Amino acid sequence: MKRLPARAGALPLRLQLGTLVLALLAIVCTIGSLLSPDPAEIVDPRAAALLPPASQRWIVTLRDGTRLAAEAVRRDEDRWTILRRGGDQSLPASEVAGLELRQFWLGTDTLGRDVLARLVHGGRISLTVGVFSLLAALLLGIGVGMASGWLGGWVDSVLMRLVDGLMAVPMLFLLLLLAAVFRPSLGTLVGVLAFSSWMGVARLTRGQVLSLKQREFVLGARAIGASSWRIAWHHLLPNAVTPLSQDAVLRLGDLILAEASLSFLGLGVQPPVPSWGNMVAEGQTLLVEAWWLTFIPGLAVAVTVVAAALVADGMQEIARRLDAGR
Amino acid sequence: MLRWLLRRIGAGLVMVWLVATATFALVSAAPGDITQRLNDVRTPPAARERWRRDFGLDRPWGVRYISWLGDAVTGDLGYSWLHHRKVAGVLAQAIPNTILLAGLGLLLEIAGGITLAVVQLRRPHGKGDRAITLLSLTAYALPPFVVGLGLLYLLAFRFPLFPPSHMLSVAGETQHGLPRLLDLLHHLVLPVVAIGIAGMGGVARYLRGSLLDEKGQQYVLAARARGASERRALISHALPNALLPLITMVGMSLPFLVSGSLVIEVVFSWPGMGQTMYDAALARDVPLLLGGTVLATIAVVAGNLLADLAYAIADPRVRL
């Protein structure tokens, strides 16, 4: 394998940009979900619901634990006057336990939950489901592809018929069927998505193995008595990594899209656990009144998929340059 | 040629049978059945047993499989539990609607994709090329339901130019002839555009690559040398060859004509296959799910076959 030129800026801009965005998303969704408020927290369903993005409210906590969202607060003597839902409300100072100003950067949903917090937590769920289903698909696909390409013969024909057969089922129908049959939970969702996606990995791996099999270094390894396992693990797999990883990045985007579609249809991640797909589903009933509930999570999916496609493009570009330099 | 065709058809039939069997196995292996959907604590167990018998669920799965397969071969796909009609009837009603929507969507997708790619390659790596690359990347990455909802928001609610859902308006249902057609077209605009936008990006991205490769070929240079304009060399010489791989892509999307764009149909309440299968999945309507899957698989197999045939006709280098 050739080393990349070490010169700065040799990496395509697309690759840098895409990687940066994906890394940021991963960081925000993991660390951010620890820092952000509880996504299920309902502060004041009456006065803090459907706030547009970049709203702020005073949160007045009363002695009995009730929290009221107010547009403005004023203290005169021993009373608090709060402006809540356009009307003044007066509270004795002894009842008020605390006061804080809270920013709702991306607004709130119909129950008054913070959209930003839900977006970050939903992103964590969506990305986790995407990554784990990708890993499962890679594991199964590479295993089957290796077995098929390396062993050949009837194993190859049986496995490839299976792959052809599964590929012949329209993907969303298959997902629909699986999701309907296995009641949705995060585990089954990962399984279902992986099951719908591993065939492409298997085909790609098989093709790689078939072409690598003929190369001198594999023959050489065999000649000095390396076991099949050793050849597969040390000689075939490392050489198939480039096309496989490029495919994997694109596949991650597709899986995130598929998860979003399933969750949108109510067959993926189930509320109250937020995911980008089910946030859109919950938002679409209020499309006109509260556009942000639909389009912010939708945009989040798009940004992720664009970033993945940019990374894949960039990797392809590097592979092309290496080919040209050979 | 004939032998090839017969072999392919035979293999296709085996494939359909395999998928049907696998689907059947999957559905019958799954825990729970329709009687659980009629879940009511007050239902006595005896009644539930009787319902299971009514739906034929008390027989061993082997018997159910043989009887279902036997009927399916003769074209009888069984009885839909949800619609209380023959599955074939339910599918026959949904398919034309889906073919109409998905067909127009596919046309728009391909036409739009080709246009974008050709415009991009008038000046490759120029500003316009980059802008369109970014645009088609975004279109590819936007989830289809977001595209659909965006169109709904803009063109059905903010600026109510088009109806938001269904195939016909209440008035249109009772009309005939031209007014009915116009009403239908009016309802078609948004879902067709949604499918077109969602798919256009992928086609443009794909075609740009192959068109760029063709453009670097000697014969394009030769055409330029003979005095063909840049535009003519691109459109009349490079494009037809770049379109060859697109045939496979279109063949691959033939099943889409039958299975439809599920999400778009759900967003726009379009009474097609996607919507029907979605409802069937929610209701665990096993006969309908099985029938729809088998039909869609037939479409996939037929689509692949047609794509290979079309490829052989379009590209004289390919022999079957």
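These numbers come from a predicted model, not from an experiment.

**Focus on the overall build of chain A**
Part 1 of the argument: Regarding its fold elements, chain A presents 10 helices and 6 strands.
Part 2 of the argument: The C-alpha radius of gyration of chain A comes to 26 Å, more than 25% above the 20 Å expected for a compact globule of 326 residues.
Part 3 of the argument: When the backbone C-alpha atoms are referred to their principal axes, chain A occupies close to 95 × 50 × 35 Å.
Part 4 of the argument: For chain A, the residues scored as buried account for 50% of the 326 residues in total.
Part 5 of the argument: Restricting the contact set of chain A to residue pairs at least 6 apart, pairs at least 24 apart contribute 70%.
Part 6 of the argument: Accessible surface, chain A as shown: approximately 15500 Å² in total, 64% of it carbon and sulfur.
Part 7 of the argument: Taking the average location of the 29 positive side-chain charges in chain A and that of its 24 negative ones, the two points are 12 Å from each other.

**Quick notes on the sheet that holds strand 5 (residues 87–92) of chain A**
All names here are of chain A.
Part 1 of the argument: Read from one edge of the open sheet, 3 strands run 3-4-5, paired in antiparallel fashion. Among the strands making up the open sheet, the edge pair consists of strand 3 (72–76) and strand 5. Strand-to-strand, the axes of this sheet are offset by a mean angle of 25°, without reference to chain direction.
Part 2 of the argument: Bridge count for strand 4 (residues 79–84) against strand 5 is 6 bridges, and the pairing is antiparallel. Across the sheet, the residue bridging to L83 is D88, located in strand 5.

**Comments concerning the confidence of the model for chain B**
Part 1 of the argument: Residues of chain B with pLDDT of at least 70 account for 95%, and the chain-wide mean is 84.
Part 2 of the argument: Taken together, the chains of this predicted complex give a pTM of 0.86 and an interface ipTM of 0.84.

**Some thoughts on a nonpolar patch on the surface**
Part 1 of the argument: A surface patch of nonpolar side chains, amounting to about 460 Å² of accessible area, comprises I27, I31, L34 and L35 of chain A.
Part 2 of the argument: Here I31 of chain A is to be found in helix 1 (residues 13–35).

**Observations concerning the interface of chain A and chain B**
Part 1 of the argument: The partner chain B presents 38 residues to the 37 residues of chain A that form the contact.
Part 2 of the argument: For the pair chain A and chain B, the summed buried surface comes to about 3400 Å²; carbon and sulfur atoms form 82% of the total.
Part 3 of the argument: Here chain A and chain B share 1 salt bridge between them.
Part 4 of the argument: Linking chain A with chain B are 3 residue pairs in polar contact (both at pLDDT 80 or more).
Part 5 of the argument: Listed by contribution, the elements that provide at least two residues to the side of chain A that touches chain B are helix 3 (153–167), helix 4 (171–181), helix 8 (228–264) and helix 10 (291–325) of chain A.
Part 6 of the argument: A total of 11 residues in the side of chain A that touches chain B trace back to one element, the largest contributor, which is helix 10 of chain A.
Part 7 of the argument: Considering only residue class, the side of chain A that touches chain B consists of 28 nonpolar, 5 polar and 4 charged.

**Some points on the sheet that holds strand 1 (residues 55–62) of chain A**
Residues and elements named next belong to chain A.
Part 1 of the argument: In space, the 3 strands of this open sheet follow the order 2-1-6, with antiparallel pairing throughout. The sheet is open, and its two borders are formed by strand 2 (67–70) and strand 6 (96–104), each paired with just one other strand. Between one strand axis and the next, the sheet turns by 25° as a mean value, whatever way the strands run.

**Examining the environment of E71 of chain A**
Residues and elements named next belong to chain A.
Part 1 of the argument: Summarising the element assignment, E71 is placed in the loop between strand 2 and strand 3.
Part 2 of the argument: For E71 and A281, which are 210 residues apart along the polypeptide, the C-alpha to C-alpha distance reads 29 Å.
Part 3 of the argument: Among the polar contacts made by the side chain of E71, one reaches the main-chain amide nitrogen of R85 at a distance of 3.2 Å.

**Thoughts on unusual backbone geometry**
Excluding glycine, residues mostly carry a negative phi; peptide bonds, for their part, are mostly trans.
Part 1 of the argument: The omega angle of the peptide bond from P271 of chain A to P272 of chain A is 10°, so this bond is cis rather than trans.
Part 2 of the argument: The residue P272 of chain A is located in the loop between helix 8 and helix 9 (276–283) in this model.
Part 3 of the argument: Its identity as a non-glycine residue notwithstanding, L50 of chain A has a phi of 55°, on the positive side.
Part 4 of the argument: Residue position: L50 of chain A is located in the loop between helix 1 and strand 1.
Part 5 of the argument: For H84 of chain B, which is not glycine, the phi torsion reads 55° and is therefore positive.
Part 6 of the argument: Mapped onto the secondary structure, H84 of chain B falls in the loop between strand 1 (79–80) and strand 2 (85–86).

**Regarding the packing of helix 5 (residues 87–122) of chain B against helix 13 (residues 273–283) of chain B**
Residue and element names in this part refer to chain B.
Part 1 of the argument: The interhelical angle for the contact between helix 5 and helix 13, taken along N-to-C directions, is 140°, at an axis separation of 8 Å. When the axis of helix 5 is compared with that of helix 13, the two are oblique. Taken together, the residues of helix 13 that come into contact with helix 5 (itself represented by V90, L91, A94, I95 and T98) are M273, G274 and T276.

**A few points about the pattern of salt bridges**
Part 1 of the argument: Applying the stated criterion across every chain yields a total of 19 salt bridges over all chains.
Part 2 of the argument: For D114 of chain A, the salt bridge goes to R102 of chain A, with nearest N and O atoms at 3.7 Å. Residue D114 of chain A is found in the loop between strand 6 and helix 2 (115–151), and its partner R102 of chain A is found in strand 6; the two are separated by 12 residues along the sequence.
Part 3 of the argument: The class of D114 of chain A is buried, set by a relative accessible area of 6%.
Part 4 of the argument: Its relative accessible area of 12% is what places R102 of chain A among the buried residues.
Part 5 of the argument: Residue R321 of chain A is joined to E317 of chain A by a salt bridge in which the shortest nitrogen-to-oxygen separation is 3.7 Å. Residue R321 of chain A and its partner E317 of chain A are located together in helix 10, separated by 4 residues, close to a single helical turn.
Part 6 of the argument: The exposure class of R321 of chain A is partly exposed, given its relative accessible area of 40%.
Part 7 of the argument: Judged by relative accessible area, E317 of chain A falls into the buried class, the value being 18%.
Part 8 of the argument: Through salt bridges with shared partners, a single ionic network connects R14, D313, E317 and R321 of chain A together with R205 of chain B.

**Thoughts on the confidence of the model for chain A**
Part 1 of the argument: Of all residues in chain A, 96% attain a pLDDT of 70 or more, and the chain-wide mean is 86.
Part 2 of the argument: Put simply, helix 4 of chain A is where chain A has its lowest mean pLDDT, 72, and helix 2 of chain A is where it has its highest, 93.

**Regarding the domain arrangement of chain B**
All names here are of chain B.
Part 1 of the argument: What the domain assignment reports for chain B is domain 1 (2–87) and domain 2 (94–319).
Part 2 of the argument: The distance between the C-alpha centroids of domain 1 and domain 2 comes to 33 Å.
Part 3 of the argument: Taken together, the 26 residues of domain 1 in the interface contact 21 residues of domain 2.
Part 4 of the argument: In total, domain 1 and domain 2 occlude about 1900 Å² of area from one another, counting both sides; carbon and sulfur atoms represent 77% of this.
Part 5 of the argument: Linking domain 1 to domain 2 there are 0 salt bridges.
Part 6 of the argument: At the boundary of domain 1 and domain 2, one finds 3 residue pairs in polar contact (both at pLDDT 80 or more).
Part 7 of the argument: Elements that contribute at least two residues to the side of domain 1 that touches domain 2 include exactly helix 1 (2–29), helix 2 (34–37) and strand 1.
Part 8 of the argument: When residues of the side of domain 1 that touches domain 2 are assigned to their parent elements, the largest contribution, 12 residues, is made by helix 1.
Part 9 of the argument: Split by residue class, the side of domain 1 that touches domain 2 holds 18 nonpolar, 5 polar and 3 charged.

**A short note on the environment of S55 of chain A**
Residue and element names in this part refer to chain A.
Part 1 of the argument: Assignment of secondary structure puts S55 in strand 1.
Part 2 of the argument: Relative accessible area serves as the criterion here: at 8%, S55 is assigned to the buried category.
Part 3 of the argument: Residues S55 and L166, 111 residues apart in the sequence, show an inter-C-alpha distance of 49 Å.
Part 4 of the argument: The contacts of S55, once residues within four sequence positions are left out, are R102, Q103 and F104.

Here is what the cut-offs are and how they apply
- Residues numbered from 1 in each chain as written.
- Chains lettered and ligands numbered in written order.
- Predicted model: local features only at pLDDT ≥ 70, side-chain atom pairs only at ≥ 80, totals over all residues.
- Heavy atoms only, no water.
- Helix = DSSP H or I, 4+ residues; strand = E, 2+ residues; numbered from the N terminus.
- Rg over C-alpha atoms; globule rule 2.2 N^0.38 Å.
- Buried < 20%, exposed > 50% of the residue type's maximum accessible area, 1.4 Å probe, protein only.
- Contact = heavy atoms within 4.5 Å.
- Areas by Shrake-Rupley, 256 points an atom, 1.4 Å probe, with all protein chains shown as cover.
- Lys, Arg positive; Asp, Glu negative; His and termini not counted.
- Charge placed at Lys NZ, Arg CZ, Asp CG, Glu CD.
- Pairing = 2+ DSSP bridges.
- Axes fitted to C-alpha atoms, helices over the stretch in contact; angles between N-to-C directions.
- pLDDT = per-residue confidence, 0-100.
- Patch = residues over 30% accessible without salt bridge, like charges linked within 9 Å, V, L, I, M, F, W, Y side chains within 5 Å.
- Salt bridge = Lys/Arg side-chain N within 4 Å of Asp/Glu carboxyl O.
- Buried area = accessible area lost by both parts, 1.4 Å probe.
- Polar contact = N/O pair within 3.5 Å; in protein donor to acceptor, adjacent residues only side chain to side chain.
- Nonpolar A, V, L, I, M, F, W, Y, C, P; charged D, E, K, R; others polar.
- Parallel < 35°, antiparallel > 145°, perpendicular 65-115°, else oblique.
- Domains from an automatic or database assignment.

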